[in-house]
Amino acid sequence: MNLSWVEINAKALLANVRALRENVQKNVTFCSVLKANAYGHGLELCAGILQREKATDWIGVNALWEAETLRNSGITLPLYVMGYTPLSDLEKVFSSDARVVVYNQETVLRLEELGKALGKIARVHLKVETGNHRQGVYEHEIPSWIELLKQCPHVILEGLSTHFANIEDTRDHSFAREQMRRFGGYVLLFSDAGMSIPFLHCANSAATILFPETHRVLVRTGIALYGLWPSDEVKREVGEKTVLQPILSWKTHIAQIKSISKGSSVGYGCSYRAEKDMIIAILPVGYYDGFDRGLSNTGEVVIHGKRAKLCGRVCMNMIMVDVTDIENVRLEDEVVLIGRDGSEEITADEMAKKIGTIHYEVVTRICEGIARIEV
Ligand SMILES: Cc1ncc(COP(=O)(O)O)c(C=O)c1O
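Heads up: these notes are all about the structure in this document. These numbers come from a predicted model, not from an experiment.

1. Focus: the site of the ligand
Not every one of the 14 residues close to the ligand is listed here, only the nearest: Y39, S205, R220, G222 and I223. Contact between the ligand and Y39: an oxygen atom at 2.6 Å from a side-chain N or O atom of the residue. In this structure, an oxygen atom belonging to the ligand sits 3.0 Å away from a side-chain N or O atom of R134. Protein coverage of the free-state accessible area of the ligand, which is 400 Å², stands at 92%.

2. Thoughts on the sheet that holds strand 17 (residues 319-322)
With antiparallel pairing, the three strands of this open sheet are ordered in space as 11-14-17. Only two strands of the sheet have a single neighbouring strand rather than two, namely strand 11 (256-260) and strand 17. The sheet shows a mean angle of 30° between the axes of neighbouring strands, taken without regard to direction. Of the pairings in the sheet, the one linking strand 11 to strand 14 (residues 278-283) comprises five bridges and is antiparallel in character. Residue pairing for strand 14: Q256 is matched across the bridge by I282.

3. Topic: helix 4 (residues 64-72)
All of the buried residues in helix 4 are L64, E66, A67 and L70. The arc that holds the buried residues of helix 4, viewed along the axis, is 160°, so those residues lie on one side. Of the residues trailing helix 4, G74 is marked for its positive phi of about 95°.

4. A word on the side chain of N23
Along the polypeptide, N23 turns up in the loop between helix 1 (10-21) and strand 2 (29-33). Judged by its relative accessible area of 18%, N23 falls in the buried class. A distance of 3.1 Å separates the side chain of N23 from the backbone oxygen of A19, its partner in a polar contact.

5. Some remarks on the pattern of salt bridges
Applying the stated criterion across every chain yields a total of 22 salt bridges. For E374, the salt bridge identified is with R52, shortest N-O distance 2.9 Å. With E374 in strand 20 (residues 371-374) and R52 in helix 3 (residues 43-52), the pair connects residues that are 322 residues apart, well separated along the chain. R52 gets classed as partly exposed once you look at its relative accessible area, which sits at 45%. R307 is paired through a salt bridge with E350; the nearest N and O atoms lie 2.9 Å apart. Of this pair, R307 sits in strand 16 (residues 306-309) while E350 sits in helix 11 (residues 348-355); the two residues are 43 residues apart in sequence, bridging distant segments of the chain. Overall, R307 belongs to the partly exposed group, its relative accessible area being 30%. Several salt bridges share partner residues, and in doing so they unite E300, R307, E344, E350 and K354 into one network.

6. Some thoughts on the sheet that holds strand 5 (residues 98-102)
The eight strands lie next to each other as 2-3-4-5-6-7-8-9, forming a closed barrel whose pairing is parallel. Direction aside, neighbouring strands of the sheet carry axes that sit 30° apart on average. Pairing geometry for strand 7 (residues 155-161) and strand 8 (residues 199-203), over three bridges, is parallel. For S161, the partnering residue across the bridge sits in strand 8 and is H201.

7. Remarks on helix 1
Helix length check: helix 1, at twelve residues, gives a terminal C-alpha distance of 16 Å against a target of 16 Å (1.5 Å per residue), a fit within 8%. Among the residues of helix 1, those classed as buried are A10, A12, L13, L14, N16, V17, A19 and L20. On its buried face, helix 1 sits against strand 1 (4-8), strand 2, helix 3, helix 9 (205-210), strand 9 (218-221) and strand 20.

What counts as what
Residues numbered from 1 in each chain as written. Predicted model: local features only at pLDDT ≥ 70, side-chain atom pairs only at ≥ 80, totals over all residues. Heavy atoms only, no water. Near = heavy atom within 4 Å. Polar contact = N/O pair within 3.5 Å; in protein donor to acceptor, adjacent residues only side chain to side chain. Areas by Shrake-Rupley, 256 points an atom, 1.4 Å probe, with all protein chains shown as cover. Pairing = 2+ DSSP bridges. Helix = DSSP H or I, 4+ residues; strand = E, 2+ residues; numbered from the N terminus. Axes fitted to C-alpha atoms, helices over the stretch in contact; angles between N-to-C directions. Buried < 20%, exposed > 50% of the residue type's maximum accessible area, 1.4 Å probe, protein only. Arc of directions from axis to C-beta. Salt bridge = Lys/Arg side-chain N within 4 Å of Asp/Glu carboxyl O. Expected span 1.5 Å × (residues − 1). Contact = heavy atoms within 4.5 Å.

By themselves, these observations are geometric and do not establish any function.
What follows is the structure in structure tokens.
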């Protein structure tokens, strides 16, 4: 028996993809972003569902090892690596048949060297700087990139991309529009040099949902696949037009039930003191599993469709909750950490707000070793 497990609702995932694709023209390539263990939802599981149901055209990951993992699990879809690929790993770009983002000329030179030796072609997507100041090259560097690419017959510039800095956290989209304008300028530089680039892309979830003009040739959609809104602002702006449903439930079982008397303390630091005689349940998850320690004394779980509050600090592998007012609680009863049970629901967003972060972080931090199960 798993100490805790994550259930992934495949139907909900597919419904989210359908709802998102309704915003996108049929000829636009849909790239599902499954980096960070599919935002904690399970890389191989989510990729397997999307491939089986022919729901996505491409899959985006952060690292080459994720692309290799997917190839080893039978994923044949085009894979796009969006993070940094160390020079020493570039040979695996060929063996895993992935395309990679580039923003260092050293990467292209090494790919050319390897491609020549192997008799293979590498497909790269150049990331350009439009205001995010993360990965990306500046406009004044483009002439030298064009020169370099002309001298590298084993490297094909398949894509040109950029990433929005401020599209979801605001309803003022002037910064995003300026980034789009700058991106258009880069596209012109390449077309003026007689280079046509098949894949132009900049849209993340917020852009996929809000701005058809950003879709270009490919959209890279992440958080919304999982039924989580990029932000409250995007949700408010969209209203009822796009419906998304969370696809993840995180569950555990009760490991012990005990009575404690008024005045007893619970857990490390004696940070919780019982104000009355109580019954508490011990649950076998803790911060190691990704249950944030910031939820100490404030988090809640759902048991038998009722909320139970955390007592004391979150431990490495355990938490304690107040079940005094919940009837018929028994050893190994199911407990919902994230998800719905009857009319009660704990969302990743609720947890995130309690600990001062975003739901992206709450779900991606659910420990990779915890089983992900399709339901
Ligand atoms: C380069 C890139 N593209 C697309 C995405 C997907 O963004 P979102 O999850 O907001 O859809 C990410 C995620 O951080 C990203 O880093």
